[in-house]
Structure formats: structure tokens, C-alpha cells
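Spelled out from the first residue to the last, the chains are:
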Amino acid sequence: MSLKSICCIGAGYVGGPTCSVIAYRCPDIKVTVVDLSVERITQWNSDVLPIFEPGLDDIVKSVRNKNLFFSTDITAAINEADLIFICVNTPTKSYGLGKGRAADLKYIESAARMIADVASQSKIVVEKSTVPVKAAESISNILRANQKPGVKYQVLSNPEFLAEGTAVKDLLNPDRVLIGGEQNHDGQQAIATLAWVYKHWVPEDNVITMNTWSSELSKLAANAFLAQRISSINAMSAVCEYTGADVSEVAHAVGMDSRIGNKFLKASVDEPVIGKASIGFGGSCFQKDVLNLVYLCECLNLPEVADYWQQVININEYQRRRFANRIIQCLFNTVTNKKIAIFGFSFKKDTGDTRESAAIYVVKYLLEEGAHIRIYDPKVETEQMFRELTHPSISDDPEKG
Ligand code: ADP
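What comes next is a walk through the structure. As the structure is a prediction and not an experimental result, all values here were calculated from the model.

**Structural notes on the overall build of the protein**
At step 1: Scanning the protein for helices and strands turns up 14 helices and 10 strands.
At step 2: Expected size for 401 residues packed as a compact globule is a radius of gyration near 21 Å; at 22 Å, the protein falls within 12% of this value.
At step 3: When the backbone C-alpha atoms are referred to their principal axes, the protein occupies close to 70 × 45 × 40 Å.
At step 4: Each of the 401 residues in the protein was classed as buried or not, and the buried ones make up 50%.
At step 5: Residue pairs at least 24 apart in sequence account for 74% of intrachain contacts in the protein once pairs closer than 6 positions are excluded.
At step 6: Accessible area of the protein: about 19200 Å², with a carbon and sulfur share of 54%.
At step 7: Side-chain charges in the protein split into 42 positive and 47 negative, and the spacing between the mean points of these groups amounts to 2 Å.

In C-alpha cells, the structure reads:
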């Protein structure tokens, strides 16, 4: 069950770090990461990588141009590979059916079509991007409808659980690796091949296999549970503010129950700041995945379940609104013409990623109130800040008057 060459389509926050660690841990495998963006690939091949993650620079530099390659020659990389990871972006749809909730699968579809167009030998295709349940089936249908004679595909689901800011640590020591595939002979062989890659460094017991849909849903469920914990403690923080209770003390007491645990309730050195009662979660995953789950439940005619998970998002928006309003209240109910400094613009520490950052929402809110804002973030380019602040996003709060 071995292989020689891996291609990764998409050199972003998921594909770049994941495949760098695979190349680092599997010197016997050639890993080529491709992207449509010439700029991104040029950056991956330069001294300044396009994304910041602690520890990533050293790993990339140690294996780049040995068994790790970054390229725009997508056709050649697909053809050479035994196994292809699809790591393209799946943003929330900003138009049409499912707008603001469903995941936009156009990039996944175009990657699948590209594979079918150019592959002249059988391939294992692995969806790593977070996708709605049953996306693997759509990828299979596209591949099989367009396959060349003699070419066969096996499609696996292998969702990524890395957290930005600790991506390298998470990839080197994953809590678990999840692989979903078809429950037949060929499917099991494909699963075993991908499991063989991970077993280069992940203990066998931590590699779990299951059917494709369980794997796809497990990723959405894991992110929904994490987001729900944050909304739960944030909801408590509002009660605390009105009662004189201290939310850190409550989090400490609640977290000491071993059935609940203290992670994502109380900040400590090895825990993301996002986890404590705070301004709410940001980032490209939690909101997108919970919305995705809500949309799935609506499509399955499960309105009660959809409403339950929607409330996790509603509390997050409520928390951000409360935070911005508190600033205004503390400044004598007006920020017009007041100078306000914002320290940090990315969605959490140790990353330059600004997608769905709570900072965007707060800054837009204060600007609308007439404040003068200065923003400092050592990991975010000024242009990126302007881009985020001048584009409508799903963070825009419909309830803000
Ligand atoms: P994620 O956080 O999911 O990794 P990113 O937006 O950081 O998302 O990265 C996705 C990458 O996928 C982008 O660099 C984008 O240019 C690339 N991409 C999207 N569609 C294709 C495609 N069909 N072929 C190659 N690269 C693609």
C-alpha cells in the first residue's frame, strides 16, 4: 500500500502547511503543491512564505526542492501523482441559492474537472477542504462521468483538523487522523494507502477510518461543538456582567468538571485565546462550518436542529455587538472624532489570517460611529486590512442598526 508521489491542489492555509509536514515526515514521497495563483507559488518558493505559522519556515526550508515542490504546472503534477489532495477554498456562498450559509463548491468542482481532464492513470483523490456532507459523492460523479478509458478514481474524505496559529504542532502531533472512504475492496485499499502515508509519523491507533459521510460530517460536527463551547461561555459572560459574577471564576469552576474539561473555556498558555470568554470566534472555519451545518439541516427538513446550531452564530454576533457597544458606552456614548487604536487585526494570535476576524466587525462598527481608527498588526499587510474593511462580508451583522 505505498505510493511515490503526492500532488496537492491549493497552496493556502490548509494545503501549504499540511503538505510541508507530509514531505518533512515522508522523505520517500515526492510532494508537489500547485496553485492557480502565480503570486502564491512564487511566495512559497521565496524567503517570505505567504502565510505565517510558528515553525513552518524551518520545515519548508529543510525539505523545499528536495521532496517538496511548489509549482503552477498543475497538469504535470496531477499526472505524476498517485494521490491528489484537494485543498482549495470553500467559502460561504455570497450569492444565489444558499447565500450566506451554504459552502461555495465552485473551486472544488473546477479542481475535480481539472483532474478528470488531465489524468491519464488511476488516482486516489482526497478531499481535505471542509465540505458539506456528500461532497465526495459529487466529486466522484464528476470524475467518473469524465474519466478516460482505463482510468479509475477512488475518492476519500480526510478532513484537516489543524488550528491556525498552531498548525505545525497540530500536524506533527494530531489528536486523530480521520479517513473516510467507500466500504468496498477498492475503497479499503485507497484508505490503507493514505493511512500508510500518515503512519510515517502518526501512531496507528490515532488513524481512524470510517465511511465517507461519517468522515465529512465529523469535521462539521467537531467545529460546531468547538464553536458552541465558545458561544456558551460568551453567553455566560453576559449573565456575569449583569449579576456581578466573574466569568473567569465561573469558567474555572465549570471546567474542573472532568466531563466538561477546561479547554476552550479558560485561557492558559497552551490554549488559544479564542477559547476564553471574549469577543467571539472568527476565522474561516467556525462560522462557515456551523452555517454549513445549519444549511444541511434545513435541506434535510430538520428545522429544530438547524435553529439549535444557528443560535451558536447568533450568540457570536451578539457578543461582538455587545463588545463594540461597550467601547462606545465607556467613551461617554460617543466615539465621533475620537482616536482609537486597535492592536491586532488577524482573527487570533500567531496567524496573519484575517478571514472573518472579529476585528473587522468592531472596526467597521466604530468607523460608522465616526471614530478615527489606527490599526497595528505585525502579521497583516495594510492593503489586506483595507481589503477586509471595504468589502461586505458574512461578518456584517444584519441586526446592527
Ligand atoms: P484554505 O484556508 O482552505 O487553505 P485558502 O484560500 O488559503 O483556503 O487556499 C486555497 C487555495 O486554493 C488558494 O491559493 C487558491 O488560489 C487555490 N485554488 C482554488 N481553486 C484552485 C484550482 N482549481 N486549482 C488550483 N488552485 C486552486
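**Structural notes on the pattern of salt bridges**
At step 1: According to the stated counting rule, one finds 13 salt bridges in the structure shown.
At step 2: Its salt-bridge partner being Glu-164, residue Arg-355 comes within 3.7 Å of it at the nearest N-O pair. Of the two residues, Arg-355 is situated in the loop between β9 (339-343) and α13 (358-368) and Glu-164 in the loop between β6 (153-157) and α7 (167-172); the sequence distance between them amounts to 191 residues.
At step 3: Accessibility expressed as a relative area gives 32% for Arg-355, which makes it partly exposed.
At step 4: Note that Arg-259 is salt-bridged to Asp-257, the shortest N-O span being 2.8 Å.
At step 5: By relative accessible area, Arg-259 is classed as exposed at 74%.
At step 6: If you follow the salt bridges from partner to partner, you end up with Glu-164, Asp-353 and Arg-355 in one network.

**Looking at helix α12 (residues 303-330)**
Note that an α-helix has 3.6 residues per turn; residues three or four places apart therefore point the same way.
At step 1: Here α12 is 28 residues long and its end C-alpha atoms lie 40 Å apart, about the 40 Å a rise of 1.5 Å per residue gives.
At step 2: In the segment just after α12, Phe-332 is the residue with positive phi, at about 60 degrees.

**Topic: the site of the ligand**
At step 1: Lining the immediate environment of the ligand, one finds 17 residues, of which Tyr-13, Val-14, Asp-35, Arg-40 and Arg-355 sit closest.
At step 2: Between Asp-35 and the ligand, the recorded distance is 2.6 Å, taken from a side-chain N or O atom to an oxygen atom.
At step 3: Here a nitrogen atom of the ligand and a side-chain polar atom of Ser-110 are 3.1 Å apart.
At step 4: Per-element tally for the shell around the ligand: the top contributor is helix α5 (residues 106-118), with four residues.
At step 5: For the shell around the ligand, the residue count by class is 10 nonpolar, four polar and three charged.

**Things to note about the nonpolar core**
One recurring pattern in soluble globular proteins: nonpolar side chains tend to sit buried together.
At step 1: Ile-6, Val-31, Phe-85, Ile-179 and Tyr-198 are the most contacted members of the largest nonpolar core, which has 45 residues in total.
At step 2: In contact with Ile-6, not counting residues within four places along its chain, are Ile-22, Ile-29, Lys-30, Val-31, Thr-32, Ala-81, Leu-83, Phe-85 and Val-197.

**What about the packing of helix α11 (residues 286-299) against α12?**
At step 1: Running from N to C, α11 and α12 point in directions that differ by 150 degrees, and their axes come no closer than 8 Å. One finds that α11 runs roughly antiparallel with respect to α12. In this structure, the crossing between α11 and α12 has a hand that is left-handed. Note on element contacts: α12 touches α11 through Val-305, Ala-306, Trp-309, Gln-310, Ile-313 and Arg-320, opposite Gln-287, Val-290, Leu-291, Leu-293, Val-294, Cys-297 and Glu-298.
At step 2: Taken together, the residues of the contact of α11 with α12 sort by class into nine nonpolar, two polar and two charged.

**Notes on the packing of aromatic side chains**
At step 1: Throughout the structure, instances matching the rule amount to six aromatic pairs.
At step 2: When the ring of Trp-44 is compared with that of Phe-70, the centres are 4.9 Å apart and the planes differ by 10 degrees; the resulting orientation is stacked. Here the residue Trp-44 occupies a position in helix α2 (residues 38-44), and Phe-70 occupies one in strand β3 (residues 68-71), the gap between them amounting to 26 residues. Of the two residues, Trp-44 and Phe-70, neither departs from the other in class, the shared state being buried.
At step 3: Relative to Trp-309, the ring of Tyr-308 lies with its centre 5.0 Å away and its plane at 80 degrees, an arrangement referred to as edge-to-face.
At step 4: We classify Tyr-308 as partly exposed; its relative accessible area is 48%.
At step 5: Ring pairing ties together the aromatic residues Phe-225, Tyr-308 and Trp-309, which thus form one cluster.
At step 6: The cationic tip of Lys-30 hangs over the ring face of Phe-69; the distance from NZ or CZ to the ring centre is 5.3 Å.
At step 7: Above the plane of the ring of Phe-52 lies Lys-379, whose end atom (NZ or CZ) is 4.2 Å from the centre.

**Some details on helix α3 (residues 56-63)**
At step 1: Within α3, the full set of buried residues consists of Leu-56, Ile-59, Val-60 and Val-63. One side of α3 holds all its buried residues, which, seen down the axis, span an arc of 95 degrees.
At step 2: If you follow the buried residues of α3, they end up packed against α1 (15-25), α2, β3 and α7.

**A look at the side chain of Thr-354**
At step 1: On the secondary structure map, Thr-354 appears in the loop between β9 and α13.
At step 2: The class of Thr-354 is buried, set by a relative accessible area of 2%.
At step 3: Here the side chain of Thr-354 touches Gln-384 through a polar contact of 2.8 Å, side chain to side chain.
At step 4: Ignoring sequence-local partners within four residues, the contact set of Thr-354 consists of Phe-345, Ser-346, Phe-347, Ile-360, Val-380, Gln-384 and Glu-388.

**As for the state of the cysteines**
At step 1: Overall, the coordinates contain zero disulfides when judged by the stated rule.
At step 2: With no disulfide of its own, Cys-240 has Cys-330 as its nearest cysteine by sulfur position, at a separation of 17 Å.

**A look at the packing of helix α9 (residues 212-243) against α12**
At step 1: Running from amino to carboxyl end, α9 crosses α12 at an angle of 45 degrees, the nearest separation of the two axes being 9 Å. Taken as axis vectors, α9 and α12 run oblique relative to one another. For the pair α9 and α12, the crossing hand works out as left-handed. On the side of α9, the interface is formed by Ala-224, Phe-225, Ala-227, Gln-228, Ser-231, Asn-234, Ala-235, Ser-237, Ala-238 and Glu-241, while α12 contributes Tyr-308, Trp-309, Val-312, Ile-315, Asn-316, Tyr-318, Gln-319, Arg-322 and Arg-326.

**Quick notes on a nonpolar patch on the surface**
At step 1: A contiguous nonpolar patch, built from Leu-300, Leu-302 and Val-305 and spanning about 240 Å² of accessible area, is present on the exposed surface.
At step 2: Position of Leu-302 among the secondary structure elements: in the loop between α11 and α12.

Cut-offs used in this document
Numbering of residues begins from 1 in every chain and follows the order in which that chain's sequence is written. Where local features are concerned, this predicted model is filtered to residues with pLDDT of at least 70; where side-chain atom pairs are given and counted, the filter is 80 or more; whole-chain, interface and lining totals use all residues. Values shown for side chains rest on all heavy atoms present in the structure; no hydrogens or waters enter the calculation. Starting at the N terminus, helices and strands are each numbered in turn, a helix being any DSSP run of H or I of at least four residues and a strand any DSSP run of E of at least two. The quantity called the radius of gyration is restricted to C-alpha atoms. Its globule counterpart is 2.2 Å times the number of residues to the power 0.38. Working definition: with a 1.4 Å probe on protein chains only, accessible area under 20% of the residue-type maximum means buried, over 50% means exposed, and in between means partly exposed. By definition, residues are in contact when any of their heavy atoms lie within 4.5 Å. All accessible areas in this document rest on Shrake-Rupley with a 1.4 Å probe, and a residue is counted as covered only by the protein chains that are shown. Positive: Lys, Arg. Negative: Asp, Glu. His and the chain ends are not part of the count. For the purpose of locating charges, the reference atoms are NZ of Lys, CZ of Arg, CG of Asp and CD of Glu. Salt bridge criterion: a side-chain nitrogen from Lys or Arg within 4 Å of a carboxyl oxygen from Asp or Glu. A helix is expected to span 1.5 Å for every residue after the first. One heavy atom within 4 Å of a molecule or strand makes the whole residue count as near it. For the purposes of these results, a polar contact is taken to be a pair of N or O atoms within 3.5 Å, where, inside protein, one atom must be able to donate a hydrogen and its partner to accept one; residues adjacent in sequence count only when each atom of the pair is a side-chain atom. By the convention adopted, Pro, Cys, Tyr, Trp, Phe, Met, Ile, Leu, Val and Ala count as nonpolar, Lys, Arg, Asp and Glu as charged, and the other residues, Gly among them, as polar. The nonpolar core is taken to be a set of buried Ala, Val, Leu, Ile, Met, Phe, Trp, Tyr and Cys residues, with the residues joined through side-chain atoms within 4.5 Å. Axis definition: a line fitted to C-alpha atoms, limited for helices to the stretch in contact. Angles are taken between N-to-C directions and run from 0 to 180 degrees. Oblique is the label for any angle not covered by the other classes, which are roughly parallel (under 35 degrees), roughly antiparallel (over 145) and roughly perpendicular (65 to 115). Each crossing gets its hand from how the near helix is turned against the far one by less than a right angle, where anticlockwise is left-handed and clockwise is right-handed. The aromatic pairing rule takes the rings of Phe, Tyr and Trp, using the six-membered ring of Trp, and pairs them if the centres are within 6.5 Å, calling planes under 30 degrees apart stacked, those over 60 edge-to-face and the rest tilted. Look at NZ for Lys and CZ for Arg. If either is within 6 Å of the ring centre and within 35 degrees of the ring normal, a charge sits over the ring. In this description, the arc belongs to the directions extending from the helix axis to the C-beta atoms. In what follows, a disulfide is any cysteine sulfur pair within 2.5 Å. A residue counts toward a patch only above 30% relative accessible area and without a salt bridge, and it is joined to like-charged neighbours within 9 Å or, for Val, Leu, Ile, Met, Phe, Trp and Tyr, to nonpolar neighbours within 5 Å.

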